[in-house]
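These are the residues of each chain, in order.
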Amino acid sequence: PRLLSQFFFADERMTRVVAEINGLDAELDPQQYLVLLNQLHLSQAHLLAILERIMEECIPTQRHSRDYLVKFPEELLVDNLGNHMLFAAECLLAGTFLEVEEADGAQLRPQARNLLCSLELVRTVLREQSLSQPGSYPEPVRAVLVQFDRLFAEFELSYVSSLVAVKSPEEIYRQQEIIVLFCETVERALCLGYLTQEMIDGYEPLLMFTIPRLAIISGLLIYPEGPLSLERSPEQMSRVFSPFYNLLKKIRDLLRVLSEEELCLLERSLCTAE
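Okay, so let's go over this structure. (Residues numbered from 1 in each chain as written. Predicted model: local features only at pLDDT ≥ 70, side-chain atom pairs only at ≥ 80, totals over all residues. Heavy atoms only, no water.)

### Let's talk about the side chain of Glu267
Then, in step 1: Along the chain, Glu267 turns up in helix α10 (residues 260–270).
Then, in step 2: On the basis of relative accessible area, Glu267 is assigned to the buried category, the value being 1%.
Then, in step 3: At 2.8 Å, the side chain of Glu267 forms a polar contact with the side chain of Tyr194.
Then, in step 4: Residues contacting Glu267, with those up to four places away along its chain left out, are Arg188, Tyr194, Leu214 and Ile217. (Helix = DSSP H or I, 4+ residues; strand = E, 2+ residues; numbered from the N terminus. Buried < 20%, exposed > 50% of the residue type's maximum accessible area, 1.4 Å probe, protein only. Polar contact = N/O pair within 3.5 Å; in protein donor to acceptor, adjacent residues only side chain to side chain. Contact = heavy atoms within 4.5 Å.)

What follows is the structure, encoded as C-alpha cells:
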C-alpha cells in the first residue's frame, strides 16, 4: 500500500518497456514498435499518477499554483494532459516539433530539457528512498519533488500558450460575470414562479434552454450594466455574446416596447417552448 513501493514497481515497468523499445528495430517490426509505444504511454501515465499522489502526500502545501489552468480551453483539460506534456517535452528535446512552430519549439527546448532531467532525478531519488525507507520523505526528497512540480507547471503553461490563445484575465472576468448573471436569473425565475426548485434539483433538461433564454432578457433589461451591456463595444463583451451584438440590440429594442404584462407572458412562454 505504500506509495513509494507502488512508484518503484511502476518505474520498473516503464524501464522495461523503454529497454524493449531501444532493443527493437522499428523498421523491421513496426507493428511491435507501435504496441510498445502504447505500453510506454500507459506505463508513463501510471507512473505520473502515482507521482501526483506522492506529491499530494509529501508536499501538499508547497505545490506550484495551477491557477493558470482556468485560462486553458476546456477541451484541453483532460485526464492525460500531464502525460501529453511529457511526450511533448521528449519530442522537443529530440528536435521534433509536432504541434508547435519551429521557432516556438526552439524556445521551449530548454524548459523541456530541464523538466525531463528533473523527472530523471525524481525517479532516481524515489527509487532509492523506496528501497531504504519507503515510509518517509526526508528533506532532500521533498526538495526534488518541489523542483519537479515547479518545472512541470512552468512547461505546461508555456507549451499550451504556444498552442492556443489562453484566456486573458479580462475574458475570465467576463465569464465570471456571465455566471453571476445566470445565478441572478435563476433566483429571479424562482421568485416569479417561472421555475421550481424541484426542476433544478432534478436537472430538468428543459432548463438547458430556459435559463439562457431568461438570462438574455435579464441581461438586456434587468441588469443592463452586466455582461450583456450594449454600451460596450463587441470587443469588450465576452466571446460567448460578442458575435451576436447586433442581434442583441434588436432584441433589446423589441423588449423595451413590451408592457410588464407582455414581458411576463413572454418569459413564461420561454420556459415551456422547445
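And the narrative resumes.
### Looking at unusual backbone geometry
Then, in step 1: Here Tyr203, not a glycine, exhibits a phi torsion of approximately 50 degrees, which is positive.
Then, in step 2: Inspection of the secondary structure puts Tyr203 in the loop between α7 (197–201) and α8 (207–222).

### Here's the deal with the side chain of Ser242
Then, in step 1: Along the chain, Ser242 turns up in the loop between α8 and α9 (245–256).
Then, in step 2: Ser242 has contacts with Pro234 and Met237, leaving out every residue within four places of it along the chain.

### Structural notes on helix α3 (residues 81–93)
Since the α-helix turns once every 3.6 residues, residues separated by three or four places project in the same direction.
Then, in step 1: The end-to-end C-alpha separation of α3 is 18 Å, in line with the 18 Å expected for 13 residues at 1.5 Å each.
Then, in step 2: Leu81, Asn83, Met85, Leu86, Ala88, Ala89, Cys91 and Leu92 are the residues of α3 that are buried.
Then, in step 3: Lining the buried residues of α3 we find α2 (30–58), α4 (102–132) and α5 (139–163).
Then, in step 4: Among the residues trailing α3, Gly95 stands out with phi positive, at a value near 85 degrees. (Expected span 1.5 Å × (residues − 1).)

### What to know about the nonpolar core
Then, in step 1: With 45 residues, the main nonpolar core has Leu51, Ile54, Leu126 and Leu145 as its most contacted residues.
Then, in step 2: Per-element accounting of this core gives the leading share, 10 residues, to α5.
Then, in step 3: When near neighbours in sequence (up to four residues on either side) are disregarded, Leu126 contacts Leu4, Phe7, Leu51, Ile54, Val141 and Leu145.
Then, in step 4: Formed by 14 residues, the second largest nonpolar core is a distinct cluster that contains Ile217, Met237, Phe241 and Leu255. (Core = buried A, V, L, I, M, F, W, Y, C linked by side-chain atoms within 4.5 Å.)

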